[in-house]
Amino acid sequence: MNPCPCGFYPDRERCRCTPFEVKRYLNRVSGPILDRMDICVEAMPMAFADMTSGRAEETSAQVRERVMAARKRQERRFAGTKLHFNADMGAGDVKRYCALGKAELAYMERMFAALQLSARAYHRILKVARTIADLGGSDRIGEMHLAEAICYRQSDHKYWN
């Protein structure tokens, strides 16, 4: 979703919306709606130098290979159930398939308090972390997977304040 009617905010060079229009547009999105978004990230424009640097990047074929391997991992995990993907999990399924070790549980307890997460946000973070772990080929959700998933929550809602 765009943070303003024209779609260019916060780039004030290109955004033609008034501050009032931006605020009114953003206020239409409630906290409970934002809470239902699994991933919320800001996509910044790419600089020309970055596109032409010649730096080796992961190819589309390599990304596809990792995604297909993650899908296979989920297929095996959910074999014999009504579930197909991590996104299909309900709260009970999350408890079963996203079990955390002691260190990871302690980390999430700190994050839950610090970020004032709802139960819904907590479960969504675990599902995203499970997917991140799957993409990395890991059977266990680690602290780094949880930290990355939390970053995708954009918990500060900087545009919606």
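For the structure, see preceding data.
From a predicted model like this one, the values you see are computed outputs, not experimental measurements.

Caption draft 1: Region of interest: the nonpolar core. In terms of nonpolar packing, the biggest core is built from 23 residues, with Met89, Leu100, Met108, Leu126, Ile141 and Leu146 touching the most fellow members. With eight residues, the single largest contributor to this core is helix α7 (residues 119-135). Apart from residues no more than four positions distant in its own chain, Met108 is found in contact with Leu100, Leu117, Tyr122, Ile125, Leu146 and Ile150. Counting six residues, the second-largest nonpolar core is a separate cluster that includes Cys4, Cys6, Cys15 and Cys17.

Caption draft 2: Structural view of a nonpolar patch on the surface. Taken together, the side chains of Met46, Phe48 and Met51 define a hydrophobic patch exposed on the protein surface, amounting to about 390 Å² of accessible area. Within the secondary structure, Met46 is located in the loop between α2 (31-35) and α3 (48-51).

Caption draft 3: Up close: the packing of aromatic side chains. Inspection of every chain in the model, using the stated rule, returns two aromatic pairs. For the ring pair Phe112 and Tyr122, a centre distance of 6.1 Å and an interplane angle of 85° mean the geometry is edge-to-face. You can see Phe112 sitting in helix α6 (residues 102-114) and its partner Tyr122 sitting in helix α7, a full ten residues away along the chain. Geometry around Phe78 places Arg77 over its ring, the cationic atom sitting 5.6 Å from the centre.

Each value, and the rule that gives it
Residues numbered from 1 in each chain as written. Predicted model: local features only at pLDDT ≥ 70, side-chain atom pairs only at ≥ 80, totals over all residues. Heavy atoms only, no water. Core = buried A, V, L, I, M, F, W, Y, C linked by side-chain atoms within 4.5 Å. Buried < 20%, exposed > 50% of the residue type's maximum accessible area, 1.4 Å probe, protein only. Helix = DSSP H or I, 4+ residues; strand = E, 2+ residues; numbered from the N terminus. Contact = heavy atoms within 4.5 Å. Patch = residues over 30% accessible without salt bridge, like charges linked within 9 Å, V, L, I, M, F, W, Y side chains within 5 Å. Areas by Shrake-Rupley, 256 points an atom, 1.4 Å probe, with all protein chains shown as cover. Salt bridge = Lys/Arg side-chain N within 4 Å of Asp/Glu carboxyl O. Phe/Tyr/Trp six-rings, centres within 6.5 Å; stacked < 30°, edge-to-face > 60°. Lys NZ or Arg CZ within 6 Å of the ring centre and 35° of its normal.

Structural measurements only, silent on function.
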